[in-house]
Structure formats: C-alpha cells, structure tokens
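# Coordinate analysis (summary)
Given next are the chains, with one letter for each unit.
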Amino acid sequence: MTAASGSGPLFDGAEWDFELIKKCYDAIEKIGVEEMGLDIYPNQIEVITAEQMLDAYASIGMPNMYRHWSFGKHFAREEALYRKGHRALAYELVINSDPCIVYIMEENTMTMQVLVLAHAAMGHNHFFKNNYMFRQWTDATSILDYLSFAKEYIAECEQKYGAETVEAVLDSAHALMGQGVSRHPVLRRSRAAREEREIKRREYEEATYNELWRTVPRSALAKAPMDPSQKEAAKESETLGLPQENLLYFLEKHAPKLEDWQREILRIVRMLAQYFYPQRQTKVMNEGCATFVHYEIINRLYDRGLLTEGSMLEFMHSHSSVIYQPRFEDRHFAGLNPYALGFAMMQDIKRICENPSAEDREWFPEFAGNGDPLGTLREAWANFRDDSFIMQYLSPKVIRDFRLFQIHDSSDSPFVEVKAIHDEAGYKRVRKVLANQYDSAARDPDIQVVSADLSGGRRLTLSHRARNGVLLEKDMCDRTLQHVAHLWGYRVKLVEQDAETGKTLKEHEALPLP
Amino acid sequence: MHIIDRRLNPKAKSLGNRQRFLRRARAEIRESVRDALKKRKVSEVDGGEKVRIRSKGLREPSFGLGHGTGKRDYVLPGNKDFSVGDVIRKPESGAGGGGPKGSPDGEGEDDFIFSLTREEFLDVFFEDLKLPNLVKAKLKSLSAPERMRAGFTSDGPPSRLNRLRTMRNSLARRIALRRPRLSEIEALEAEIAEEEASGRPSEERLKALRARLARLSRLRKAVSYLDPLDLKYNRYERKPKPKTQAVMFCLMDVSASMTEQLKDLAKRFFMLLHLFLSRHYSEVDVVFIRHTTEAQEVDEETFFRDTETGGTVISTALEEMLRIVGERYPIDDWNIYAAQASDGHNFDDDMDDCLSLLNGEVLPLCQYFAYIEVAPDDSSASMTSVVWSGYQEVARQHAHFAMKRVTSPGEIYPVFRELFASAEGSAREAG
C-alpha cells in the first residue's frame, strides 16, 4: 500500500492497525477541520474489546465509574442480549471530556473504524465543544478527574460504613437522579456585583421617591398582620429556598438526619445527573450532527478516491441501518430514531441552503439559498437543543418524508384521534407537538419540594404539577417516594395537583423504614 | 490525537458490580436456583446455570409519568392513510407490546435471563443450604501421593532417557555446528577417486579436494553425533492426588407407597450427595437401584419417574448392589458410597436378612452408608417404622452408618449436614 495521499485508497480490506488508523484519522481531521470548519477538542482514541464495551455501556457510558449493583445488572442484561445476538454493540462510545475520549472496538473492520472516527471524533466532538447546553452545564476538562474522585470516595465509604449502607444511599440517590437537576442556571454573580446592584437599586428608589405614594391606601391584604404560623412557614420557605425543583440538592443541604458522607454521595450523584442533563436534551441534534458529519466526510473521502468501492458499500450498509426509521406499526418501532430524524433534518438544511424550493423560501427566508450549508448548520449545532431545533428547522419536506402525523390520546376515551397529518394544514401543528415531545419541561414530571415543616413534625411535602391531567405512574412513584423518605428521615407526602386549576388530584405518602 | 490500546487492561472490570448485583439479586437467584434443582438431573446439578430473573425487586424506580391518565399528544412516523379527524380504537392493554406510548426511557423491563458461572451457582446453592466448610477438610484425608509427569530434566537414570527430545537436541546442535554428513564425505572421496582414476589427474585440483576432505573429517570428529549436552530425561514428581474415583449407589424403594412427593424428597437428597462427592472426586459414577420385591439397576429417568406396584424387600437391593460392586467396582480402586431412601416399609421377615447383609457384607465395603426415611408429614414421624427400628441397632455398631428422617424439602440439607458431620470422624479413622 502506498502512503501517498490522493494517489490511491487509504486502505484495502478489513484489517486495521495503529498506523493505518493514524493515517486515516489525519485524512479525516483534515476534511473535518479544514474543509468543514469543525472546532474540536483534541482526540484520544482508545481501542477496547467487546467486553470492555459492554462494561462501559453498563456504567452509563463512563469509564472509571464508581461501583453499584445496578451497573452489574445492566451488564448482565446487555451481555445476555448480546450473546443471544438480539443486540449488536455500538461501534463506538464517546465521552464529553477534554481531551475527548473515543472508544473504538477491536472487532470493527477498517471501514467501520473510519466511520466511527468521523462520527465520534469529529461529529460528537464538535457538538460537545460548541453546543450551548454543554458549554453551560458541563465542564469537559474536569469530568474524568471528578469521576475518579467519586469512585475513590465511594469505595472509601464502603470500607468505613459498610457496602450495604452506602448502597442504600446510592439507591435512593439514583432514584432521584431525574430530580437532581437544576434546570435554570444559577446566576453566578460575585458578592461585589450583588452589592453594586443593591446600591443602584436604592439610588433608583431615592431618585424616583414620591411623597404622593404614601397617601395611597394600601390594600387590605397587605395590611392584615400575618398569622404567626403563616409567618413561620414563609420564613422557612425563604431559608430553605423553597420551592425547590432539585430534590437531590435540597436533601443534600437540608435533610436533617444525613451524615456528611451521605451528603457527599448525594452530591456526587447530583453532579452526574447534571452532567448528563444536556445529553438527554440534545439526542436528536447530537446524533444528527455526528451522522451528518460522518456522511459528509466519508463521501468526500470517497470522491477523492481515498476509499475503495468495497468500503463504500460497507459504509452505506451500516449507515442506512443506523438511520432506519420503522413505521409506527412496525414490530421494531420504538419511537422516532434520533439518528434518522437528526440526519434527515440536517441533510434538509443543507438542501435548503443550496437548492431551495419556493416552499423552503417561504418557510425559511433567513437561510434558504444562502449557499453556506455548513455555516448554517454550525450555527444550529451551537445554539439549539432538540425542542428548539425542531421548532425552528423541521421543514415540510421532512414531515412529508417521514409521513408524520399527530395523535391525540385522552384517557377517558377508548379511541385516539388523528389531529394533524403531513399536509399544508398540519405542518405547523405537527412541528409544534413534536418539538414539545422533546422538551424536557414537558416530558419530565414537574416535581418540587414545597414545604418541610422543620419546626413541627418535619413532614416533607412535594408537589407534582400534573399537566393535562397526566399523573405519575403509581407503583414507581410510591417506590421512589420511599427513597425520598429514606433520605429525609421523616414522613414524606407527595401531592399531585392540576397545573392549571391547582386542584388536588391524588396524594401519596411514605414513611422511612426503621 | 493519540491512540491508546486498552485491550490489555485488566479484564473483568465489572466484576465488582457483578458481585454487588448478585448479592442484591440473591433472593431472586436463589429462587431460580431452587427451581433449577427440581428440573435437573442428579448428575447435572453442578453445571453453570441460566438464571431467569424477574426484575421486579431489582427495578430502579424513578418518578415518571403514567400512561393511563390525562390527555396527551404525540407524533408518529409512517402515516399510510389516516387523515385528520380519523379515530382509531386503542389497542387492548397488554396487546401489541404496549403500543406507541411516548415512554421516554422504556421502563418496564421484562424478565431477563443471564448465566451464572459454575462457581457462582454452587455458591448460591450452598449459601442457600449453608454448607459448612467440610468439603476442604475431607479432601485432604482422601488424598494419596501419586507420580506425575513434570517436564524434562538434563540428568537422570538412563531408563528415563527421553529419546525424542535427546535426538532433537542432537540434530539441532549438529546443524548449528555444521557437522558434515557422511554422504558429503563419501561424495568427496568418490570425486577424489574419480580424479585419480582419470588419465591425467590435475595435481592442483586433487590437492584442493584432499584438503577439503581432511577439513571435513576433522570437523566430523570434533563435533560428536551425540553429546552429553543433548541428553534429556523425563522428570516425575510425586504429587498428592485425591483418589479419583467414587461410585455412589442410590437405593430406593419404588413400591406404590412411595408417592411422587416422597420421591422428590429422595431425589434432592441424592442430588446433594452427588454434588458433595463430585467436589471430592474427579469422577463419580452413579448407580441407581430400585426395588420392590425385587431389585434392578435402572437409568436415572426410570429411577425417578416410573412407579411400580408390589411389596418391598430391601435385601434384594443390597444383594444387587453387592453384585454390581463385585462385577464393576473393585474396592481397591473405588470409594463406595451408598444412600438408601425408603418410606420405612419392609416385609417383616426380610429384616433379618437385611441386617445381616448390611452388617456382614455391605458396610465393610462402604465408605459411608446413609439411610434416609422419607415420610409424608410429621404425623408418622412419631411412629417408628419397621426399617427404622431395625436399622437403629446397625447405627449403634457402625460409625459410618447413619440414618435420618425427612419430612419436607427444607429439612434435606440440615439432615444431609448432620449425616456428613458425623461421617467425618469415621472417615478419618478409616482413612
């Protein structure tokens, strides 16, 4: 094989070695960075075996995870599925860290390695580094260090306090992982800045002071002295920072009975939950971005004669199975495939930029025909998450291609109704509902801590604001509530209220086990 | 960019998680293993095991939105012929795999199956039964030193010379030192002879040939065909090795009074015994002898499944056992164990035969003889059966004869343990 680039294919056949990977990576990086303008963290490529891949899978995709039985369970489950041939392993795994760690499997053929490198080392990597969600929520440089700290810390706790005690805390913390996220970034103002604001506000008040206001009678409500118990409650809410949506945070800070090490464990789990928060909200975009990028890079490689036709066929085969979208009534249907949807939307953005139809010009006047597909995409990748991306960019053509339609399902009717389909009247509606489907605020239950009654019986009250009358799944809710009680140490109540009327729909209670 | 090869990293990184998982799933696994115990053949009991786990107790709960409540809208792909306003009947619950509900994370894990290794299986098996540490203790007492091959050495008695290895070394050395072959020298001599025989021998050529011949001959003498360096001998070591063979006789009364339930009790006992023995011996034969008024050797299936009708004469089974031992299992080579299960019935006039057979012939052959009496429930436990009262005398005389009564599966192991705990002393005496 000749090493000269451009004069022949990079490789021929399925075998790979480290030299070859290096060579291919260089070619891929050249296209990715120089031609497509991707902005990536340095890559660290690690070759692993199938067993190691299963292992990484089981520990929610993180290397160096602390020990917990649930990871063992996932491992056993994945392994059984894998051995029976029900499920193929992912070809790659990538970690949002700096340097970006890309795991590739030793069993992959050379073509697959190229695909994986283009997909993960370029696509995901660029997305991690540039998307605002990741920039805001995750710290790529420190995550690996934090994980090894967490692992050691938890191992130490197991030594000191016994594996089962630690496990119980972790179980409870894991159950609340979904509620361990602060959805709104805390305003990180320095003390000086806050004081400055305070002074400014006072100055403004003095400057706009008007004697006349004193003569206006105050409303009766404001005047009436507060009931002492009410006053107490209000004070408590303030000191505890209630209402609080981050249950793990609240328990870590305020649960009366927890030991310091238990609080630290809650903190570790909370940090992880927060770390994964952007990933959950950018599945379509992240996978779409990576798939788009690998498709682009590999086609460019092929056009330059750097890939053989055999490799290209192999690539097309795996690419098309990755972006396969079964119909809703198919036996294999499991929701919309994020790879398929993301890839289709991004390909469509490219088409609209380069070759728009009249419809596209009407729908996307901002960028239709601007001739800069990559620039447009880079901007989308940087500034959107799944719901906003769909809201902004889902085009009528993609809706037609996927034949999307909207179903309305009401629990009190034995029928579901088709509300909109892929036609002129339905595009906007379908788009809105689909975007909403990916919105974490709509998808995850809205649960908050509302009162803690610290001066009384210390009963913790949570509220679930049920939207459209959708209640929590009872069995799971009760079990999870039991975990809350375990951490809180006293009685816990969860009230499900209608989001609009505030009417109480259902109540759950749990007591800590002795 | 750099590439790191992680393939050689320590394996089984997930072992810690697996152990934690197994501990957590202990209850479920135990149940599954117990089920397996019912299904398995006596001789298969200690293989690895596929375990089916209902993940209910292992579910990791979290707050999630339920399916059956409220109103929701969702988008699906692949519309064929629906248009706006169409209504579709919802699938019956349970049909069609739940239908297209917008479950975010696909909760609802079904049962899943995974494999335990043999060790893990036995762990659970014995944990369930709380096996004492007697396995190891017994292993030592049963070992006998044995000569085993242990590679090669460069000195030793001539009788242990390994010719193949020696010649291989010799050949390698000869090639390495360029010892000329005999054929080469002969060819050279022939050439010289030819040259001399020819009419006008060329002195110069002759001289060169002779010099070469001289050099080769010298070399051939200097490099010997076989050198002490080449010699290799087989090496042996004496290693303590457990007596490797055991035969286990399962004797069971299959007359009509032995119900399926009683047989199941007996089966469990036999299974345990088999497992116990196979942890000591590399090879365990199992012989099944069933009897009513006459005894016959049968295979395992027949042993546990078939029901016979008729009375009970235990001595026939003992005779059959003696016959088989005589035919196939010389006592010098085999450790003989016997376990007898019955419901305690026997023809009254057979008891004398039975006891004399036991005392006189059977017990001297056996390492251990265990008799368990299976009884339907406690009501009959107070009554002493014919066999029970007869055997009591034997038990008093022989330390390696033991008897117990079992009424429920839960008792099997404690009984088993008692039997073998008492056997330890006697085994030491015998060994």
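Read on for a plain summary of the structure. Residue positions are counted from 1 within each chain, in the order its sequence is given. Each chain takes a letter, starting from A, and each ligand takes a number, starting from 1, following the order in which they are written. pLDDT decides what is reported in this predicted model: residues at 70 or higher carry local features, side-chain atom pairs at 80 or more are listed and counted, and totals for whole chains, interfaces and linings draw on all residues regardless.

### Here we look at the overall build of chain B
A count of helical and extended segments in chain B gives 14 helices and 13 strands. Counting across all 431 residues of chain B, residues that qualify as buried make up 29%. A pair of residues counts as a contact when their C-beta atoms, built from backbone coordinates, are separated by no more than 7 Å. Put simply, of all contacts in chain B between residues at least 6 apart along the chain, 81% involve residues at least 24 apart. The helix and strand labels rest on DSSP assignments: H or I over at least four residues marks a helix, E over at least two residues marks a strand, and numbering proceeds from the N terminus. Whether a residue is buried, exposed or partly exposed is read from the other C-beta atoms within 10 Å of its own C-beta, which are placed from the backbone; 20 or more gives buried, 12 or fewer gives exposed, and intermediate counts give partly exposed.

### Re the overall build of chain A
Secondary structure summary: chain A contains 23 helices and nine strands in total. For chain A, buried positions account for 42% of its 514 residues. The contacts in chain A between residues at least 6 apart in sequence include a share of 69% that link residues at least 24 apart.

### A few points about the interface of chain A and chain B
In many reports, interface size means the accessible area that the parts give up when they come together. At the junction of the two partners, chain A supplies 78 residues and chain B supplies 51 residues. Sort the elements by how many residues they give to the side of chain A that touches chain B and helix 3 (residues 69-83) of chain A lands first, with ten residues. Of the residues that constitute the side of chain A that touches chain B, the class distribution is 39 nonpolar, 21 polar and 18 charged. A pair of strands is labelled paired if DSSP reports no fewer than 2 bridges between them. Note that strand 4 (residues 405-410) of chain A and strand 3 (residues 71-76) of chain B share six bridges and pair antiparallel. Paired with aspartate 409 of chain A across the bridge in strand 3 of chain B is arginine 72 of chain B. For this classification, the nonpolar set comprises Ala, Val, Leu, Ile, Met, Phe, Trp, Tyr, Cys and Pro, the charged set comprises Asp, Glu, Lys and Arg, and every other residue, Gly included, is treated as polar.

### Regarding helix 1 (residues 18-35) of chain A
Helix length check: helix 1 of chain A, at 18 residues, gives a terminal C-alpha distance of 25 Å against a target of 26 Å (1.5 Å per residue), a fit within 8%. Along helix 1 of chain A, the residues that are buried comprise Ile21, Cys24, Tyr25, Ala27, Ile28, Ile31 and Gly32 of chain A. The buried residues of helix 1 of chain A all sit within an arc of 165° when viewed along its axis, so they share a single face. For helix 1 of chain A, exposure combined with an orientation more than 90 degrees from the buried face picks out Phe18, Glu19, Asp26 and Glu34 of chain A. Looking at the packing, one finds that the buried side of helix 1 of chain A touches helix 4 (110-130) and helix 14 (283-303) of chain A together with strand 1 (2-5) of chain B. At the exit of helix 1 of chain A stands glycine 37 of chain A, carrying a positive phi of roughly 70°. Every helix has an expected span of 1.5 Å times one less than the residues it contains. Arc definition: directions from the helix axis to the C-beta atoms.

### Considerations on helix 21 (residues 427-437) of chain A
Among the residues making up helix 21 of chain A, those that are buried are Tyr427, Val430, Arg431, Val433, Leu434 and Gln437 of chain A. On its buried face, helix 21 of chain A sits against helix 19 (386-393), helix 20 (396-402), strand 4, strand 5 (415-420) and helix 22 (440-443) of chain A together with strand 3 of chain B.

### Quick look at the sheet that holds strand 9 (residues 504-510) of chain A
All names here are of chain A. Strand order in the open sheet formed by four strands is 6-7-8-9, and the pairing between neighbours is mixed. Across the chains shown, the open sheet's two edge strands, defined by having one partner strand only, are strand 6 (447-451) and strand 9. Strand-to-strand twist across the sheet, computed as the mean angle between neighbouring axes with direction ignored, equals 25°. As defined by bridge partners, strand 7 (residues 460-466) adjoins strand 8 (residues 492-498) across seven bridges and the pair is classed as parallel. Helix axes are fitted only over the stretch in contact, all axes being lines through C-alpha atoms; the angle between N-to-C directions runs from 0 to 180 degrees.

### Some points on the environment of threonine 69 of chain B
Checked against the element boundaries, threonine 69 of chain B lands in the loop between strand 2 (49-53) and strand 3. By C-beta crowding, threonine 69 of chain B is classed as buried, having 20 other C-beta atoms within 10 Å.

### Some remarks on the pairing of strand 11 (residues 335-342) of chain B
Residues and elements named next belong to chain B. Burial runs high along strand 11: eight of the eight residues are buried. Neither face of strand 11 is exposed, since Asn335, Tyr337, Ala339 and Ala341 on one face and Ile336, Ala338, Gln340 and Ser342 on the opposite face are all buried. Both strand 8 (residues 245-253) and strand 11 contribute to a ladder of seven bridges, which runs parallel. Pairing of phenylalanine 249 across the sheet is with alanine 338, part of strand 11. Bridge analysis of strand 11 against strand 12 (residues 368-374) gives six bridges, and the strand direction is parallel. Across the sheet, the residue bridging to serine 342 is glutamate 373, located in strand 12. Note that the unit made of strand 11, helix 11 (residues 351-365) and strand 12 has a crossover that is right-handed. A crossover gets the label right-handed when its path from the first strand over the helix to the second runs clockwise, viewed with the strands pointing away from the viewer.

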